[in-house]
Amino acid sequence: MPGVTIRARFLCLCFGAAAVLLVSHVDAAPLTRVEVAAKISSEKADLSNLEAPGADLSGLDFKGANLFGASLKGADLSKANLRGCNLDVAILRDATLVGADMREVSLYSSVLANARA
């Protein structure tokens, strides 16, 4: 693109990437407990951008999983093992975390409003 500055190209790429991420995130169907359990069976499971709002995930072992950007609004995570998980930018509003192992969890910029622990 002759005559277009590097900054303009960079901005176009950023907006394009943001649009792709938004569309892929919006189109994701919420997963069931069985589907989430299958995904966490591997060590260091990558569940980034997981969609499981309102799901019963109580007692599941997420140890060390990447849950970056996960949507877990209203999910039941009571007695779940979340030790060492990356929950950065995750939505945990209204989630139940009673008895969950939250040691060494990263919660940078996560939403925990009205979560019960």
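Preceding block: the structure.
Model, not experiment: these values are computed from the prediction.

**Description of the overall build of the protein**
- Scanning the protein for helices and strands turns up two helices and zero strands.
- The buried share of the protein, taken over its 117 residues, is 30%.
- In the protein, of all internal contacts separated by at least 6 residues, the share reaching a separation of at least 24 is 5%.
- Summing over all exposed atoms, the protein offers an accessible surface of approximately 7200 Å²; the carbon and sulfur share of this is 60%.

**Observations regarding unusual backbone geometry**
- Phi is positive for Asp94, which is not a glycine, with a value near 65 degrees.
- Relative to the helices and strands, Asp94 resides in the segment after helix H2 (33-39).
- The partly exposed category is assigned to Asp94, whose relative accessible area is 26%.
- For Asn114, which is not a glycine, the phi torsion comes out positive at approximately 65 degrees.
- Residue position: Asn114 is located in the segment after H2.

**A look at the environment of Arg93**
- By the element assignment, Arg93 lies in the segment after H2.
- Sequence-distant contacts of Arg93, that is, excluding residues within four places in its chain, are made with Leu72, Lys73, Gly74, Val111 and Ala113.

**Describing the side chain of Asp88**
- Within the fold, Asp88 resides in the segment after H2.
- Overall, the relative accessible area of 14% leaves Asp88 in the buried class.
- Apart from residues lying up to four places away in sequence, Asp88 is in contact with Leu67, Phe68, Gly69, Ser106, Leu107, Tyr108 and Ser110.

**Looking at the environment of Pro53**
- Its place among the elements puts Pro53 in the segment after H2.
- Here the alpha-carbon distance between Pro53 and Ile91, two residues 38 residues apart in the chain, equals 8.9 Å.
- Ignoring anything within four residues of it in the chain, the contact list for Pro53 reads Pro30, Ser71, Leu72 and Lys73.

The rules behind these values
Residues numbered from 1 in each chain as written. Predicted model: local features only at pLDDT ≥ 70, side-chain atom pairs only at ≥ 80, totals over all residues. Heavy atoms only, no water. Helix = DSSP H or I, 4+ residues; strand = E, 2+ residues; numbered from the N terminus. Buried < 20%, exposed > 50% of the residue type's maximum accessible area, 1.4 Å probe, protein only. Contact = heavy atoms within 4.5 Å. Areas by Shrake-Rupley, 256 points an atom, 1.4 Å probe, with all protein chains shown as cover.

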